[in-house]
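Inside the fold
Below are the chains, spelled out letter by letter.
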Amino acid sequence: MPQLRRKLKRLARGLLGRADPVILMYHRVADVAIDPWGLAVSPENFAAQMQALKRVRKPVPLDFMVGEMLAGRPTAGTVAITFDDAYLDVLRNAKPVLKALDIPATVFVVTGHLGRKTGFWWDRLAEAALGNGRPRTTPLPSLLIENKRREIEIAFKSADAEALHLALWHAIRLLQPEQRDAAVEEVAAAFGAVEIIETPIMTHDEIRELIDGGLISVGAHSVSHPSLPSLSIAEQRAEIGGSKEELEAIVGQPVPRLAYPFGDYDSHSEAAARDLGFEYAVSVETGVVTDPAARFRLPRHDIKNWTGREFAKRLRWLN
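Residues numbered from 1 in each chain as written. Predicted model: local features only at pLDDT ≥ 70, side-chain atom pairs only at ≥ 80, totals over all residues. Heavy atoms only, no water.

Here's the deal with the pattern of salt bridges
- The full count for this structure, using the stated rule, is 16 salt bridges.
- In this structure, R116 and D181 form a salt bridge, with 3.0 Å as the shortest nitrogen-oxygen distance. Taken together, the residues span a long stretch of sequence, with R116 in the loop between β6 (105–109) and α5 (121–130) and D181 in helix α8 (residues 177–191) at a distance of 65 residues.
- A residue is classified by how much of its surface remains accessible, and D181, at 31% relative accessible area, is partly exposed.
- Because the salt bridges share partners, they merge into one network encompassing R92, E206 and E209. (Salt bridge = Lys/Arg side-chain N within 4 Å of Asp/Glu carboxyl O. Helix = DSSP H or I, 4+ residues; strand = E, 2+ residues; numbered from the N terminus. Buried < 20%, exposed > 50% of the residue type's maximum accessible area, 1.4 Å probe, protein only.)

Have a look at this one:
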């Protein structure tokens, strides 16, 4: 019965146009051949999604949505757009669409990767593990802990490329920031992958170009994109605070917004966000933006490479 009541409540809200406020999460706006996590939405589909968004919901700045929630008056029917990681294609392909439709957005920036031409370690890993066939040898980076090595060996023996990629991803993401790139290059060598495909991250100047005009704001997304709970308290504070400090120096204004890398956080992450002067933080858990007690773990909905029609259909029932 409780499940039925929830379904009826969603149906009533959809019919009456009273949908609760939600935050949408994007990463890239580009045509990407190898995209195991579904991080990219094609420019064509993104434009169609934003046009549908204007018909189905009311786009508002993320700060406004959170401010209304904290004031106890969450505004029904509103939606806020966010992007993680600051890939250059967000500036080149997403901003023109957002500007044409007057849709505000927030981009969460990994400051330690600004200006990097080769994207993040997971981009290189996907290209190597899923674009080159079966590796010549078992791809075992020397820095991995023993139990992770065993998982990779099992996946390698299964001859399942997706399982092997996933085992490698889970293992490498827990390494120290300076170790991750080295580990991925060991994997790439095992697969025989030499060529590095350019996947540029915005530069300092491009971040300033991004926010020019005031439609788009930026938020902190750590210095090196680690899994925060795997770090010490001091390391978490350095990652979160360092990103905030550098980003504020780049844009010349306060940055009160934080997104946890991978959506991973714990009580220490929330405490660090609060202590370091953030007004709120977003996660990757799904839900609506109505609970002030969740201000340092606000939910977001991950958007995939859907057509405008499919996007509109899904958006009507986000609650």
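Still more to cover.
Describing the packing of aromatic side chains
- Applying the stated rule across the entire model yields eleven aromatic pairs.
- Between W169 and F262, the ring centres sit 5.7 Å apart and the planes meet at 90 degrees, which makes this aromatic pair edge-to-face. With W169 in helix α7 (residues 161–172) and F262 in the loop between β8 (257–259) and α11 (267–275), this residue pair connects regions lying 93 residues apart in the sequence.
- Their ring planes at 25 degrees and their centres at 4.9 Å tell us that Y260 and Y265 sit as a pair that is stacked. Of the two residues, Y260 and Y265, both sit in the buried class.
- Three or more aromatic residues joined by ring pairs make a cluster, and in this case those are W37, Y87, F120, W121, W122, W169 and F262.
- The cationic tip of R28 hangs over the ring face of Y87; the distance from NZ or CZ to the ring centre is 4.7 Å.
- Positioned above the aromatic ring of F278, the side-chain terminus of K244 is 5.5 Å from the ring centre. (Phe/Tyr/Trp six-rings, centres within 6.5 Å; stacked < 30°, edge-to-face > 60°. Lys NZ or Arg CZ within 6 Å of the ring centre and 35° of its normal.)

Re the pairing of strand β5 (residues 78–85)
- With eight of eight residues buried, β5 is to be regarded as a mostly interior element.
- Sheet topology note: the strand β1 (residues 22–26)/β5 ladder contains five bridges and is parallel. Residue pairing across strands places Y26 opposite F83, the latter belonging to β5.
- Taken together, the two bridges between strand β4 (residues 58–59) and β5 define a ladder with parallel strand orientation. By the bridge assignment for β5, K58 is matched with T78.
- The sheet contact formed by β5 and β6 spans five bridges and is parallel. (Pairing = 2+ DSSP bridges.)

Looking at helix α9 (residues 204–211)
- Among all positions in α9, only E206, I207, L210 and I211 are buried. The arc enclosing the buried residues of α9, seen along the axis, measures out at 135 degrees, which places them on a common side.
- Those residues of α9 hidden inside the fold are in contact with α4 (88–101), β6, β7 (216–220) and α10 (233–251).
- Looking one or two residues past α9, G213 carries a phi angle of roughly 105 degrees, positive in sign. (Arc of directions from axis to C-beta. Contact = heavy atoms within 4.5 Å.)

Focus on the nonpolar core
- By size, the foremost hydrophobic cluster in this structure holds 65 residues, and its most contacted members are L24, Y26, F46, F83 and I207.
- Leaving out residues up to four positions away in the same chain, F83 has contacts with Y26, H27, V29, F46, V90, A94, L98, A105, T106, V107 and F108.
- Among the nonpolar cores identified, the runner-up in size contains 13 residues, and I23, L62, Y280 and V282 belong to it. (Core = buried A, V, L, I, M, F, W, Y, C linked by side-chain atoms within 4.5 Å.)

A look at helix α3 (residues 62–70)
- Among all positions in α3, only L62, M65, V66, E68 and M69 are buried. Taken around the axis of α3, the buried residues stretch over an arc of 160 degrees, which confines them to a single face.
- Of the surrounding secondary structure, the elements contacted by the buried residues of α3 are β1, β5, β6 and β9 (280–282).
- Phi turns positive one or two residues past the end of α3, at G72, with a value near 85 degrees.

Re the packing of α5 against α8
- Taken N-terminus to C-terminus, the directions of α5 and α8 make an angle of 10 degrees; their axes are 9 Å apart at the nearest point. What the angle tells us is that α5 and α8 run roughly parallel. Only R180, D181, V184, E185, V187, A188 and F191 of α8 make contact with α5, whose side of the interface consists of W121, R124, L125, A128 and A129.
- Here the contact of α5 with α8 is built from residues that sort into eight nonpolar, no polar and four charged. (Axes fitted to C-alpha atoms, helices over the stretch in contact; angles between N-to-C directions. Parallel < 35°, antiparallel > 145°, perpendicular 65-115°, else oblique. Nonpolar A, V, L, I, M, F, W, Y, C, P; charged D, E, K, R; others polar.)

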